[in-house]
Amino acid sequence: MKLIKLGTEYGGHTIPDNLLNKDSIVYSGGAGEDISFDLKIFDMYECHVHIFDPTPRSIKYSEKIIRENELEDYISFYPYGISDKDCQEQFWGPANPKAVSHSCIHGLKVASGFVAECKSIPSIMKDLKHNHIDLLKLDIEGAEFKVINNIIENNIFIRCITLEFHNRSAHIDLTNEINQAKQSLCGFDYKICLDEKGHALFLKESS
């Protein structure tokens, strides 16, 4: 199996090169101010990409890029976050005001932030009338742990998960949570195809 990294060094993620086609369902959690991964997915495979991010700067940036490239029919942006339930959630901001990423975990980010709508993956799939996901990208600043648990608890079929684990703060250490998430996914019939520098790729071994 050949792995390819799509997108910029900052915003890119790795996937199997033969994973997707024009009929694939792709969910992309977390946009920041770099949707190069999502643009490359559409450019290479011509499948519809669904992007989720509640951050005000991300909303403005992503909608602008999609509109300027006339991709509204192919890349959909939703101004809410992915979580383990449908709720209004507090997001904490970065200490550096130039940075864009916020987190629902106080400790990963500590500055004042905002409250935004979040939805669980089962709810999103119901809204969009999807019964499976071919590729789920998660770059959601610590929310990946509860989202992974929610995926397993609801027995959701996702062919491939590519994500960034977040454990880069002087205020908190999430090493145990990362190790538990990996173990949980492996116990849910996923194979780890990549695990380096915080980035990981999980491929479902059985249907």
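For the structure itself, look to the data block above.
The present account deals with the structure reproduced in this document.

So, about the sheet that holds strand β8 (residues 111–120). On the basis of which strands lie adjacent, the open sheet formed by 3 strands has the order β6-β8-β7 and mixed pairing. Of all strands in the sheet, those with a lone pairing partner are β6 (81–83) and β7 (87–93), marking the two edges. Averaged over all pairs of adjacent strands, the angle between their axes in this sheet comes to 50°, without regard to strand direction.

In this section: the environment of isoleucine 25. Tracing the backbone through its elements, the reader meets isoleucine 25 in the loop between β2 (13–16) and β3 (26–29). Judged by relative accessible area, isoleucine 25 falls into the buried class, the value being 13%. When the C-alpha atoms of isoleucine 25 and aspartate 134 are compared, they prove to be 5.2 Å apart, with 109 residues separating the residues in sequence. The residues touching isoleucine 25, leaving out its near neighbours within four places in the chain, are His130, His132, Ile133, Asp134 and Leu135.

A few words now on the pattern of salt bridges. In this structure the tally under the stated criterion is 10 salt bridges. With a closest N to O distance of 3.0 Å, lysine 119 and aspartate 127 form a salt bridge. The exposure class assigned to lysine 119 is buried, which follows from its relative accessible area of 17%. The exposure class of aspartate 127 is partly exposed, given its relative accessible area of 43%. The partner of aspartate 195 in a salt bridge is lysine 182, and the shortest N-O contact between them spans 2.9 Å. With aspartate 195 in strand β11 (residues 190–196) and lysine 182 in helix α5 (residues 175–187), the pair connects residues that are 13 residues apart, well separated along the chain.

With that out of the way, let us pick up the pairing of β3. Because side chains alternate across β3, one face comprises the buried residues Val26 and Ser28, and the other comprises Tyr27 and Gly29, equally buried. As for the winding sense of the linkage, the β-α-β connection from β3 through helix α1 (residues 36–45) to strand β4 (residues 49–52) is right-handed. Both β3 and strand β9 (residues 133–138) contribute to a ladder of 4 bridges, which runs parallel. Residue pairing for β9: valine 26 is matched across the bridge by leucine 135.

Below, the discussion takes up the packing of aromatic side chains. Per the counting criterion, the structure on display carries 9 aromatic pairs. Aromatic pair phenylalanine 52 and tyrosine 78: ring centres 4.9 Å apart, planes at 15°, arrangement stacked. On the criterion of sequence distance, the pair formed by phenylalanine 52 in strand β4 and tyrosine 78 in strand β5 (residues 75–78) is long-range, its members being 26 residues apart. Residue classification places tyrosine 78 among the buried positions, given a relative accessible area of 15%. Note on phenylalanine 145 and phenylalanine 165: the rings are 6.0 Å apart at their centroids and 15° apart in plane angle, and the pair reads as stacked. On the criterion of sequence distance, the pair formed by phenylalanine 145 in helix α4 (residues 144–153) and phenylalanine 165 in the loop between β10 (158–164) and α5 is long-range, its members being 20 residues apart. Like phenylalanine 165, phenylalanine 145 is buried. Members of the aromatic cluster, each reached through a chain of ring pairs, are Tyr27, Phe52, Tyr78 and Tyr80.

Attention shifts here to the packing of α4 against α5. Two elements in contact, α4 and α5, have axes whose closest approach is 10 Å; the angle formed by their N-to-C orientations is 20°. One finds that α4 runs roughly parallel with respect to α5. Between α4 and α5 lies a crossing whose hand is left-handed. Across from Phe145, Ile148 and Ile152 in α4, the residues of α5 making contact are Glu177, Ile178, Ala181, Ser184 and Leu185. Residues of the contact of α4 with α5, tallied by class, amount to 6 nonpolar, 1 polar and 1 charged.

What counts and how
Residues numbered from 1 in each chain as written. Predicted model: local features only at pLDDT ≥ 70, side-chain atom pairs only at ≥ 80, totals over all residues. Heavy atoms only, no water. Pairing = 2+ DSSP bridges. Helix = DSSP H or I, 4+ residues; strand = E, 2+ residues; numbered from the N terminus. Axes fitted to C-alpha atoms, helices over the stretch in contact; angles between N-to-C directions. Buried < 20%, exposed > 50% of the residue type's maximum accessible area, 1.4 Å probe, protein only. Contact = heavy atoms within 4.5 Å. Salt bridge = Lys/Arg side-chain N within 4 Å of Asp/Glu carboxyl O. Right-handed = clockwise from strand over helix to strand, strands pointing away. Phe/Tyr/Trp six-rings, centres within 6.5 Å; stacked < 30°, edge-to-face > 60°. Parallel < 35°, antiparallel > 145°, perpendicular 65-115°, else oblique. Left-handed = near helix turned anticlockwise from the far one by under 90°. Nonpolar A, V, L, I, M, F, W, Y, C, P; charged D, E, K, R; others polar.

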